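Each chain, written out:
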Amino acid sequence: QVQLVESGGGLVQPGGSLRLSCAASGIVYTIWTMGWYRQAPGKQRELVADITSGGSTNYAGTVKGRFTISRDNAKKEMYLQMDSLKPEDTAVYFCNADIVSTRRGDYWGQGTQVTVSS
């Protein structure tokens, strides 16, 4: 069984920063691409950023230059440093990973709320 657990969400003022973390646990042999997605009320879930096992990154245009994705393969963790936050960044942020466990699969965390408001 594989679990992905996010942490670090909360309430922040516009222009502020937050750092999200995602930790994988359970039977994990290999973690390929990991990513952060977000879903705002009434909207579809969208990709924020992803990172390959080799460290190549990809960002949505709306967050490029403000967010930084990283990972620690030894710790089986992924991070999202979010700076210059805007009200439109308000959403539930989900961790996703392509993991080889007893089977290879696409796993999701439970989500963490990020609210940007004054």
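Description of the structure in this document. (Residues numbered from 1 in each chain as written. Predicted model: local features only at pLDDT ≥ 70, side-chain atom pairs only at ≥ 80, totals over all residues. Heavy atoms only, no water.)

This brings us to the sheet that holds strand 8 (residues 77-82). The pairing of strands in a sheet comes from backbone hydrogen bonds and takes either a parallel or an antiparallel form. Spatially, 1-3-8-7 is the arrangement adopted by the four strands of the open sheet, whose pairing is antiparallel. For this open sheet the edge positions go to strand 1 (2-7) and strand 7 (67-72), each flanked by a neighbour on one side alone. Taken over all neighbouring pairs, the strand axes of this sheet differ in orientation by 15° on average, direction set aside. Taken together, the six bridges between strand 1 and strand 3 (residues 18-26) define a ladder with antiparallel strand orientation. Directly across from Val 2, in strand 3, lies its bridge partner Gly 26. (Pairing = 2+ DSSP bridges. Helix = DSSP H or I, 4+ residues; strand = E, 2+ residues; numbered from the N terminus. Axes fitted to C-alpha atoms, helices over the stretch in contact; angles between N-to-C directions.)

Take the pattern of salt bridges next. This model, assessed by the stated rule, comprises four salt bridges. Arg 38 is paired through a salt bridge with Glu 46; the nearest N and O atoms lie 2.7 Å apart. Of the charged contacts, one joins Arg 66 and Asp 89 as a salt bridge, the two residues approaching to 2.8 Å between their closest N and O atoms. Placement of Arg 66 in the loop between strand 6 (57-59) and strand 7 and of Asp 89 in the loop between strand 8 and strand 9 (91-100) is noted, with a sequence separation of 23 residues between them. The buried category is assigned to Arg 66, whose relative accessible area is 11%. (Salt bridge = Lys/Arg side-chain N within 4 Å of Asp/Glu carboxyl O. Buried < 20%, exposed > 50% of the residue type's maximum accessible area, 1.4 Å probe, protein only.)

Inspection of the secondary structure assignment puts Asp 98 in strand 9. A polar atom in the side chain of Asp 98 sits 2.6 Å from the side chain of Arg 104. (Polar contact = N/O pair within 3.5 Å; in protein donor to acceptor, adjacent residues only side chain to side chain.)

Take the nonpolar core next. The biggest cluster of nonpolar side chains holds 30 residues, and the ones touching the most others in it are Trp 36, Leu 80, Met 82 and Tyr 93. Going through the elements one at a time, strand 1, strand 3, strand 4 (30-39), strand 5 (46-51), strand 7, strand 8, strand 9 and strand 11 (112-116) are the ones with two or more residues in this core. Here this core gets five residues from one element, more than from any other, and that element is strand 9. (Core = buried A, V, L, I, M, F, W, Y, C linked by side-chain atoms within 4.5 Å.)

Let us now look at the packing of aromatic side chains. Enumeration over the complete set of coordinates arrives at one aromatic pair. The cationic tip of Arg 19 hangs over the ring face of Tyr 79; the distance from NZ or CZ to the ring centre is 4.3 Å. Lying over the aromatic face of Phe 94, Arg 45 brings its terminal NZ or CZ to 3.7 Å of the ring centre. (Phe/Tyr/Trp six-rings, centres within 6.5 Å; stacked < 30°, edge-to-face > 60°. Lys NZ or Arg CZ within 6 Å of the ring centre and 35° of its normal.)

It is worth spelling out the state of the cysteines at this point. A full pass over the atoms with the stated rule returns one disulfide. Bridging Cys 22 to Cys 95, the disulfide has an S-S length of 1.9 Å. The sign of the -65° torsion about the S-S bond sets the Cys 22-Cys 95 disulfide as left-handed. Of the two residues, Cys 22 is situated in strand 3 and Cys 95 in strand 9; the sequence distance between them amounts to 73 residues. The burial state of Cys 22 is the same as that of Cys 95; both residues are buried. (Disulfide = S-S within 2.5 Å.)

The values reported here are purely geometric and, on their own, carry no functional implication.
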